[in-house]
Amino acid sequence: IVRTAIEVHFPHHGIVGEEGGRQANDAEYVWVVDPLDGTHNYIRGIPLYGVSIGVMRKGCHVVGVVYMPETDCMYAAERGAGAFRNGRRIHVSSTKELARCSMSFDSGIRRAPRRTLDALARLAPRVFNIRMFGASTVLLTYLAEGRIDFAVEFDDQPWDFAAGVCMIREAGGVVTTPTGETPAMDSCGYIASNGHVHDQIAAILAGGDEERRNR
């Protein structure tokens, strides 16, 4: 349904999606779509899932839309125009101390247990509490409206978080790759935060990488 709508209204735009679609990464505008983010939550009856639609222009995230069917919440953001939930402006939290932070952490620990558990062990003693939502649509919208303060994901694909990049930035936060770069079309994983604690998180994770290199 999403792909058909894009093809009808924007026939010259590219489409990249988890469920396939027309590949045109060299187009000026590329839509990055995950029609059901949080699939395993959905099939187990856990109401934490959503539709994620991001738009990139010349490699930059310029639009993000997330729809959460269970709560009928529509999140939308446009570069330079702010982030909104059902038409109301949203903002990231103002928390500045890690010890007061609620964080979301990568639920795919089984894919790389050594790396993820090492990172979790470094972060856990420094924060107030930790959640694992199992869906970037959920955790990134929660972050954009200040329900949590930062999130770390190592293996999420571009369609999982393309909408969230614009959303977080327009809500006043920061999103980078786990190694500190600006997210791109082929990026994998991210650190997303309210901005106040971003450098601290990146330094903690980088310290773990440095230790592993020196072993």
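This text goes with the structure placed above it.
Residues numbered from 1 in each chain as written. Predicted model: local features only at pLDDT ≥ 70, side-chain atom pairs only at ≥ 80, totals over all residues. Heavy atoms only, no water.

Observations concerning unusual backbone geometry
Alright, step 1. A positive phi angle, close to 50°, is found at lysine 58, a residue other than glycine.
Alright, step 2. Here lysine 58 is to be found in the loop between β3 (50-57) and β4 (60-68).
Alright, step 3. The phi dihedral of aspartate 72 is positive, around 55°, even though this residue is not glycine.
Alright, step 4. For aspartate 72, a relative accessible area of 48% gives the class partly exposed. (Helix = DSSP H or I, 4+ residues; strand = E, 2+ residues; numbered from the N terminus. Buried < 20%, exposed > 50% of the residue type's maximum accessible area, 1.4 Å probe, protein only.)

Section: the sheet that holds strand β10 (residues 150-153)
Alright, step 1. In spatial order, the strands read β9-β8-β10-β12-β11; together these five strands make up an open sheet with mixed pairing. Across the chains shown, the open sheet's two edge strands, defined by having one partner strand only, are β9 (129-131) and β11 (174-176). With direction set aside, neighbouring strand axes in the sheet form an average angle of 15°.
Alright, step 2. Here strand β8 (residues 102-105) runs beside β10; their pairing, made up of three bridges, is parallel. (Pairing = 2+ DSSP bridges. Axes fitted to C-alpha atoms, helices over the stretch in contact; angles between N-to-C directions.)

As for the pattern of salt bridges
Alright, step 1. Scanning the model with the defined rule gives six salt bridges in all.
Alright, step 2. For glutamate 28, the salt bridge goes to arginine 57, with nearest N and O atoms at 2.7 Å. Highlighted residues: glutamate 28 in the loop between β1 (14-17) and β2 (29-37) and arginine 57 in strand β3, separated in sequence by 29 residues.
Alright, step 3. One salt bridge in this structure joins glutamate 145 and arginine 85, with 3.1 Å as the shortest N-O distance. You can see glutamate 145 sitting in the loop between α4 (136-144) and β10 and its partner arginine 85 sitting in strand β6 (residues 82-85), a full 60 residues away along the chain.
Alright, step 4. Arginine 85 gets classed as partly exposed once you look at its relative accessible area, which sits at 26%. (Salt bridge = Lys/Arg side-chain N within 4 Å of Asp/Glu carboxyl O.)

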